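Geometric and topological summary
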Amino acid sequence: MQNATHTTYFGYASNGGARRQVGAATLLDVDGKQVIIIYESRNGLPYIKEVRAEGLPSEFLAQFRGKGHDDPLQLGRDVQARGLDQPTARAIVDAVRLDTRVMQTLYGAPHTH
């Protein structure tokens with residue numbers, strides 16, 4: 001992420017004395033825009049539950065819902081700008097794509113492709 005900073009917060013739940021990770025949230029600062037990515041855990045793998053950002057079109061942000069590190073995220077092919085200028089949309093898509101891979105590395109369960 002050339003013009004982005006990345007901060008991650010993990011969410012845990014306890015059940016019967018055992019603690020397990022149930023999700024995470026990442027705060028990205030992409031070219032001055034604050035983007036929050038909320039992850040849920042599905043069978044130990046992180047998937048985007050929601051993306052929020054003030055001032056960005058909800059139609060753009062909704063396209064990330066349900067995506068994980070195995071899903072393609074390319075602007076113009078998998079994600080459309082939907083009201084954003086191309087440079088801003090590209091920066092956010094690139095940052096989200098990288099973040100899905102970082103999240104898989106940090107807390108994703110081992111799996112095969």
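Further up the page is the structure itself.
The notes below deal with the structure included here.

Rules and cut-offs
Residues numbered from 1 in each chain as written. Predicted model: local features only at pLDDT ≥ 70, side-chain atom pairs only at ≥ 80, totals over all residues. Heavy atoms only, no water. Patch = residues over 30% accessible without salt bridge, like charges linked within 9 Å, V, L, I, M, F, W, Y side chains within 5 Å. Areas by Shrake-Rupley, 256 points an atom, 1.4 Å probe, with all protein chains shown as cover. Salt bridge = Lys/Arg side-chain N within 4 Å of Asp/Glu carboxyl O. Helix = DSSP H or I, 4+ residues; strand = E, 2+ residues; numbered from the N terminus. Pairing = 2+ DSSP bridges. Polar contact = N/O pair within 3.5 Å; in protein donor to acceptor, adjacent residues only side chain to side chain. Buried < 20%, exposed > 50% of the residue type's maximum accessible area, 1.4 Å probe, protein only.

1. Remarks on a nonpolar patch on the surface
- On the surface, a cluster of nonpolar side chains totalling about 290 Å² of accessible area is made up of Phe10, Tyr12 and Leu106.
- Here Leu106 is to be found in helix 2 (residues 86–107).

2. A closer look at the pairing of strand 4 (residues 45–52)
- Judged from the seven bridges that link them, strand 3 (residues 33–42) and strand 4 form a sheet pairing that is antiparallel. Among the inter-strand pairings, Ile38 is bridged to a residue of strand 4, identified as Glu50.
- Where strand 3 folds back onto strand 4 in an antiparallel hairpin, the turn is made up of two residues, including Asn43, whose phi is positive at roughly 55 degrees.

3. So, the side chain of Gln104
- By the element assignment, Gln104 lies in helix 2.
- Among the polar contacts listed, one links the side chain of Gln104 to the side chain of His69, at a separation of 3.5 Å.

4. Remarks on the pattern of salt bridges
- For the structure on display, the rule yields four salt bridges.
- Of the charged contacts in the structure, one is a salt bridge between Asp78 and Arg77, with a shortest N-O distance of 3.3 Å.
- Judged by its relative accessible area of 25%, Asp78 is partly exposed.
- Take Arg77: its relative accessible area is 58%, and that puts it in the exposed class.
- Between Arg97 and Asp94 there is a salt bridge, with the nearest N and O atoms lying 2.7 Å from each other. Of the two residues, Arg97 and Asp94 are both situated in helix 2; the distance of three residues between them amounts to about one turn of the helix.
- When its relative accessible area of 18% is taken as the criterion, Arg97 is described as buried.

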